[in-house]
Amino acid sequence: MSYSAYNDNSLGFTTRQLHAGYDPAEHNRSKAVPIYQTAAFELGDYERCLRLFQYEEEGDSYVRFSNPTNRVLEKRISSLEGGSAAVSFGSGMAAISNTLLTLAHSGDNIVSVPTLYGGTTTLLQKTLPAYGIEGRFIEDQDDVESYRNYIDDRTKAVYIETLGNPCMNVLDVDAITELAHSYGIPVVIDNTFATPYLFRAFEHGVDIACYSATKYLSGHGVNIAGIVAESGRFNFRNGRFPEFDRFYEEYSDWIDDETLSGEIFTKRLRITYLTDLGAHMSPQTAFYVLQGMETLSLRMERHVANAQKLAEFLYDHPQVDEVLYPGLPSSPYHELATKYFPKGPGAIMTIRVKGGEEAALKVLEKVRVFDYMTNVGDAKSLIVHPMSSTHFGHSVKENEKAGVYSNSLRLSVGIEDIEDLINDLDQALSV
Ligand code: PLP
């Protein structure tokens, strides 16, 4: 039988989430992707060893660097994303931090927005500055022209999130990528909340997409995982990135020119940062993420349908002051959401409960179907009070800028029966 679904990118998204990147003929015809539970691989002979280390042959030597299970995951996400290559990491934060370290060095800066995941805000505000990399936060993220005031010769990336955390604001990504590219700067997006199914990052000019695969890609809350994907369209040899020029000089004798120019970011990310900092994803985790991704589009359709119905119910609820969800026509981001998310703007929303913090905390005590957890993107519905958890320790001003108040609750809407979700929140909100 000739089997070609694994490398046929003309197939639909749902077909590719099941088949892309995996040829059973290369794995003893096992239909499930095997978990290569080994620390290292036998090199074979001296010539093969040289071919591997000179990148002439695709293969594996040591698992911190690469593994056949992870390679299937990397090829699959790259196919779903429509990019040139991807690298898997042990967590979403490892994916993001290694991406930023690959782009920026001491003396450089990253321009970003205030409504980021809290861990990324801390990375840009505290951790990276300790190594000489400045995180610059734009005052008004919706005013794209104002981004120019933060960019200079040492800016190495504009870093954004597809749907802001936790208030689900939507950025004008087309305008941001156009502006950044006019300076020769790549745009990195954290596409965790939308996934490649709901948001086509590379089709909107984004150059690098980072994921906490812990969330929707895995989908069942069973592992911590991260992935970085590259579009292959950004020219990193445009004069702004001397480290990429040096990397090119070092590797151009070994890696063919087409591969090196189309994947120079992921090559440097893997060869330098994954290898030196060691935040690799275990093959067991890669297997779980692959399992989850087989149903990604189906789950996202259900997540989004449930979220829309729940948002509409909560919008009319007498105990709810505000519902922040861009699928609602009342949202200031509804128009952008309609443009960028034709299949629906994700399934995370934030509500503000009437009666202040005390009333919000009561809801947490009373929910029966929703689980009180800091995670998002699980098939199960989750609820959290951001002020005392995900956004704990940030100043009131910072939190208000991110849309977090003492009566805010963030919901990650799961795929349960919608009537049960509506009834659960209705009884939890009742006074
Ligand atoms: N990005 C977003 C949007 C997140 O919500 C999270 C975690 O909640 C992360 C990144 C970090 O991911 P991980 O926990 O897998 O390191």
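Here, every reference points to the structure presented above.
Residues numbered from 1 in each chain as written. Predicted model: local features only at pLDDT ≥ 70, side-chain atom pairs only at ≥ 80, totals over all residues. Heavy atoms only, no water.

Close to the ligand lie Ser91, Gly92, Met93, Ile96, Tyr117, Asp190, Thr192, Phe193, Ser212, Thr214, Lys215 and Ala225, which account for all nearby residues. Take aspartate 190: an N or O atom from its side chain is 2.6 Å from a nitrogen atom of the ligand. When the free accessible area of the ligand is taken as 390 Å², the share hidden by the protein chains comes to 90%. For the ligand, the cavity whose grid points lie within 2 Å of the majority of its atoms is the second largest pocket. A total of three residues in the shell around the ligand trace back to one element, the largest contributor, which is helix α4 (residues 92–103). (Near = heavy atom within 4 Å. Polar contact = N/O pair within 3.5 Å; in protein donor to acceptor, adjacent residues only side chain to side chain. Areas by Shrake-Rupley, 256 points an atom, 1.4 Å probe, with all protein chains shown as cover. 1 Å grid on protein atoms, 1.4 Å probe; cavity = no way out; pocket = protein on both sides within 12 Å on 5 of 7 lines; lining within 4 Å. Sits in = over half its atoms within 2 Å of the grid points. Helix = DSSP H or I, 4+ residues; strand = E, 2+ residues; numbered from the N terminus.)

A few words on the packing of helix α3 (residues 68–81) against helix α11 (residues 283–293). One way to put it is that α3 packs onto α11 with a least axis distance of 8 Å and a crossing angle of 35°. Where α3 crosses over α11, the handedness of that crossing is left-handed. Residues Thr69, Asn70, Val72, Leu73, Arg76, Ile77 and Leu80 of α3 form the contact with α11, whose participating residues are Pro283, Ala286, Phe287, Val289, Leu290 and Met293. Each residue belonging to the contact of α3 with α11 can be placed in one class, and the counts come to ten nonpolar, two polar and one charged. (Axes fitted to C-alpha atoms, helices over the stretch in contact; angles between N-to-C directions. Left-handed = near helix turned anticlockwise from the far one by under 90°. Contact = heavy atoms within 4.5 Å. Nonpolar A, V, L, I, M, F, W, Y, C, P; charged D, E, K, R; others polar.)

Another aspect to go through is the nonpolar core. Formed by 118 residues in total, the largest nonpolar core has its most connected members in Val158, Leu314 and Leu411. Ranked by residues supplied to this core, first place goes to helix α12 (residues 296–315) with seven residues. What leucine 314 contacts, discounting residues up to four positions off in sequence, is Val320, Val323, Met349, Ile351, Leu411, Leu425 and Leu429. (Core = buried A, V, L, I, M, F, W, Y, C linked by side-chain atoms within 4.5 Å. Buried < 20%, exposed > 50% of the residue type's maximum accessible area, 1.4 Å probe, protein only.)

Here we come to the layout of surface pockets. Computed from the structure, the largest pocket encloses a volume of approximately 1200 Å³. For the largest pocket, the lining is made up of 45 residues, of which Glu58, Arg71, Lys75, Glu263 and Lys267 are closest to its centre. Counting only elements with at least two residues in the lining of the largest pocket, the list comes to α2 (46–53), α3, β1 (85–89) and α10 (264–277). Considering every element that reaches the lining of the largest pocket, the biggest residue donor is α3, with seven residues. Broken down by class, the residue content of the lining of the largest pocket amounts to 16 nonpolar, 16 polar and 13 charged. Its boundaries defined by the atoms lining it, the second largest pocket holds a volume of some 360 Å³. Lining of the second largest pocket is provided by 22 residues; of these, Met93, Tyr117, Thr192, Ser212 and Lys215 occupy positions nearest its centre. Contributing elements (two or more residues each) for the lining of the second largest pocket: α4 and β6 (208–212). The greatest single-element share of the lining of the second largest pocket, amounting to three residues, is contributed by α4. Of the residues that constitute the lining of the second largest pocket, the class distribution is eight nonpolar, ten polar and four charged. (Points joined across faces, edges and corners; volume = space filled by probe spheres on them.)

What follows deals with helix α6 (residues 173–182). Since one α-helical turn is 3.6 residues long, residues separated by three or four positions face the same way. Of all the positions in α6, only Val173, Ile176, Thr177, Leu179 and Ala180 are classed as buried. Projection of α6 onto a plane perpendicular to its axis shows the buried side chains occupying an angular sector of 165°, all on one side. Looking at α6, the residues exposed on the side facing more than 90 degrees away from the buried face are Glu178 and Ser182. On its buried face, α6 is in contact with β4 (155–161), β5 (187–190) and α13 (334–340). Looking at the residues trailing α6, positive phi occurs at glycine 184, about 75°. (Arc of directions from axis to C-beta.)

So far we have only geometry, and geometry alone does not tell us how the molecule works.
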